Structures are given as C-alpha cells and as structure tokens.
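Take a look at the letters that make up each chain.
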Amino acid sequence: MDDLIGGIGTKEARITHLSERRHPSQSDAEAAVRTLIEWAGDDPDREGLRDTPKRVAKAYQEFFAGYREDPAVILGATFEETADYDGMVVLRDIRLESHCEHHIVPILGKVHIAYLPAGRVVGISKLARLVEVFAKRLQIQEALTSQIADTIQKVLKPKGVGVVIEAAHQCMTTRGIRKPGVSMVTNRMLGTFRDDPAMRREFLDMIGNAGGNRK
Ligand SMILES: [Zn+2]
C-alpha cells in the first residue's frame, strides 16, 4: 500500500509529508476565512456573515474528505467469480465535483472508466467511490485522471484501463479569461487500451466519443 501511494506520483508523496505537519485547529481555519472575507471587502461581523467562517470550515471538511481516505482500501474488495467474463467493463457519466488546486474553485464534470478484467472485477460503486476520494482533494484534472487510472491498474491488475474526464473549470469560466462553455478533456489509457486502437475506439464510442463529436 505504501508502494501504491508512493508510486502514483510526487503529489501523493507531498500529501504524505503533509500528514506529519501540525493540523490547524478549527479556530485557525475560521480566522483564515474571516481574513478572506475582509480581503474581499466585506465586514465579517455583519449578521449575514457572522457564522460564515464556521460554515466554510465545515464545508472544507466535506470538500476535502479525500485526504482522510486510502484509495487502495476502497478498491480492496474484488470478486473473482466472473464466469469467465472477458468483455470490457465501462462505467460512464460518473459525476465529478472537485476543486482546482490553483484557485480552490470548483471543477465540475464527468468521469468515464473502462477496464478489461483479468479474472477479477470490482463493484461499480467502488469505482465511483475511488473517483470521489481523489476528487475530494485539491486537484488538477491531469493528475486526477492519472491517479484514478493508475490506482485501478495497480490494485485490480486488469488487462487494461481507460479513464476519460471531461470537466469545466470555474477558474476559467468565472474569472481570468472568462470562457464559459469551455470544457477540458483528459484521458489516460493503460495496457490494452493504450496498445490496441480498436479497444480504445470501442471505449470512446461507448462514452459517445467525449471530446470529439459529442453533443
Ligand atoms: Zn484554477
């Protein structure tokens, strides 16, 4: 498991280091939110904002609950009785709610996952939970895509994995260059999905060719 967490990339290594750092108290977090309200130009003591620091601190515990969970444990329970099923397993349109690590604003979209089992399958709710654990961390879409694919590959050891994410980043749509309607598409293809164009095409066709001619 240490191997898994260390192997996903530098980001995971950084998270391990963070766990050794002193965790801020609830009042530290509330004071920080209060400062941001003042920074925005409002009065944190006015009635409507008085409980906001407490609410935001609580919301952060939900938004970032993924730091407290181990993705490998979630995928841990696999089934070997597959009646020799050897087709592709596709889970499409998994709702994605994450936060960009550059601006801490929402990334909203969909995740599509496919894998080709090698004798073992996993419950579909586990795949959705896996997405959630990585999504509930500060993210960039590219890292999120890799982390999901690499964890499935390492834990389930299928013949191949494909992950496609299409998402809109509010840091792009509501600030900065302001481009509403733009979505970003990322993918990571491993094993048969990387090596076999026909397999990859079948997956992309099943999810409606995300990023291509999809409505
Ligand atoms: Zn951003």
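Structure's up top.
Each chain carries its own residue numbering, running from 1 in the written order of its sequence. Reporting of local features is limited, given that this is a predicted model, to residues whose pLDDT is at least 70; pairs of side-chain atoms are given and counted only at 80 or more, and all residues count toward the totals for whole chains, interfaces and linings. The side-chain values count all of the structure's non-hydrogen atoms but skip hydrogen atoms and water molecules.

Can you walk me through the pattern of salt bridges in this structure?
Once their charged atoms are close, side chains differing in charge can pair, the charge on each being opposite to the other. By salt bridge we mean one thing: a side-chain nitrogen of Lys or Arg within 4 Å of a carboxyl oxygen of Asp or Glu. In this structure the tally under the stated criterion is 10 salt bridges. With a shortest N-O distance of 2.7 Å, Asp 150 and Arg 188 are connected by a salt bridge. Remark: Arg 188 occurs in strand E7 (residues 184-191) and Asp 150 occurs in helix H7 (residues 141-156); sequence separation between them is 38 residues. Exposure categories follow from relative accessible area, calculated using a 1.4 Å probe and restricted to protein chains: below 20% of the type maximum is buried, above 50% is exposed, and the middle band is partly exposed. Classification of Asp 150 as buried rests on a relative accessible area of 11%. Since its relative accessible area comes to 29%, Arg 188 is described here as partly exposed. Taking the shortest distance from any N to any O, the salt bridge between Asp 205 and Arg 201 comes out at 3.5 Å. Strands are runs of DSSP state E lasting at least 2 residues, helices are runs of H or I lasting at least 4, and numbering of each runs from the N terminus.

Sorry, what's going on with the packing of helix H6 (residues 124-135) against H7 here?
Relative orientation and spacing of two packed helices are given, respectively, by the angle between their axes and the distance between those axes. To obtain an axis, a line is fitted to C-alpha atoms, over the contacting stretch when the element is a helix, and the angle between two such axes runs from 0 to 180 degrees between their N-to-C directions. The N-to-C vectors of H6 and H7 enclose an angle of 140 degrees; their axes lie 10 Å apart at closest approach. Looking at the two axes, H6 sits oblique to H7. Where H6 crosses over H7, the handedness of that crossing is right-handed. Judged by residue contacts, Leu 127, Leu 130, Val 131, Phe 134 and Ala 135 of H6 engage Leu 144, Gln 147, Ile 148, Thr 151 and Ile 152 from H7. When residues are grouped by polarity, Ala, Val, Leu, Ile, Met, Phe, Trp, Tyr, Cys and Pro land in nonpolar, Asp, Glu, Lys and Arg in charged, and all others, Gly among them, in polar. Grouping the constituent residues of the contact of H6 with H7 by class yields eight nonpolar, two polar and no charged. Every angle not falling under 35 degrees, over 145, or within 65 to 115 is termed oblique; those three ranges are roughly parallel, roughly antiparallel and roughly perpendicular. Put simply, a crossing is left-handed when the front helix is turned counterclockwise from the back one by less than a right angle, and right-handed when it is turned clockwise. Contacts are assigned to residue pairs that have any heavy atoms within 4.5 Å of one another.

How should I be thinking about the coordination of the zinc ion in this particular structure?
For a metal with four tetrahedral donors the ideal donor-metal-donor angle is 109.5 degrees, whereas six octahedral donors ideally subtend 90 or 180 degrees. Donor criterion used throughout: N, O or S atom within 2.8 Å of the metal, extended to 3.2 Å for Na, K and Ca. Water excluded; incomplete-looking sites may result. Here the zinc ion is held by Cys 100 (SG), His 103 (ND1) and Cys 171 (SG), and the distances to it run 2.1 to 2.3 Å. As a motif over one chain, the donors of the zinc ion read C-x2-H-x67-C. Within this pair, whereas Cys 100 is found in strand E2 (residues 89-100), its partner Cys 171 is found in helix H8 (residues 170-173), the two being separated by 71 residues in sequence. Judged on exposure class, the residue Cys 100 and its partner Cys 171 are both buried.

I would appreciate a short explanation of a nonpolar patch on the surface in the present structure.
Like charges are joined within 9 Å and nonpolar side chains (Val, Leu, Ile, Met, Phe, Trp, Tyr) within 5 Å, but only among residues with over 30% relative accessible area and no salt bridge; these make up the patches. Calculation of accessible area relied on Shrake-Rupley with a 1.4 Å probe; when residues are assessed, cover is drawn exclusively from the protein chains displayed. Taken together, the side chains of Tyr 60, Phe 63 and Ile 104 make up a nonpolar region of the molecular surface, amounting to roughly 250 Å² of accessible area. Of note, Ile 104 is situated in the loop between E2 and strand E3 (106-116). Judged by relative accessible area, Ile 104 falls into the partly exposed class, the value being 37%.

For this particular structure, what's the right way to read the sheet that holds strand E5 (residues 138-139)?
Each strand in a sheet pairs with its neighbour through backbone hydrogen bonds, running either in the same direction (parallel) or in the opposite one (antiparallel). A strand pair is defined by DSSP finding two or more bridges across the two strands. Read across the sheet, five strands follow the order E5-E2-E3-E6-E7 without closing on themselves; strand pairing throughout is mixed. Bordering the open sheet on either side are E5 and E7, each of which pairs with just one other strand. Sheet topology note: the E3/strand E6 (residues 160-169) ladder contains 10 bridges and is antiparallel. Across the sheet, Leu 116 pairs through a bridge with Gly 160, a residue of E6. On top of the sheet, H6 reaches E2, E3 and E5; it is set at about 20 degrees to E2, its chief contact.

Teacher, can you tell me more about the side chain of Glu 166 here?
Within the secondary structure, Glu 166 sits in strand E6. Owing to a relative accessible area of 14%, Glu 166 belongs among the buried residues under this scheme. Within the local environment of Glu 166, its side chain forms a polar contact with the side chain of His 112, the two groups lying 2.8 Å apart. In the analysis that follows, any N or O atom pair within 3.5 Å is treated as a polar contact, provided that within protein one partner can donate a hydrogen and the other can accept it, and provided that, for residues neighboring in sequence, both atoms belong to side chains.

Looking at this model, I keep getting lost on helix H10 (residues 197-206). Mind explaining?
Given 3.6 residues per turn, any residue in an α-helix points the same way as the ones three and four places further on. Looking at H10, one finds that the buried residues are Met 199, Phe 203 and Leu 204. Buried residues along H10 cover an arc of 135 degrees about the axis, so they all sit on one side. More than 90 degrees from the buried face of H10, the exposed residues found are Pro 197 and Ala 198. On the buried face of H10, the contacting elements are E2, E3, E6, E7 and helix H9 (192-195). The opening residue of H10 is Asp 196, an N-cap whose side-chain oxygen sits 2.9 Å from the backbone nitrogen of Ala 198. Gly 208 sits one or two positions beyond H10 and adopts a positive phi of about 80 degrees. Picture the helix axis, draw a direction to every C-beta atom, and the arc is the one those directions span.

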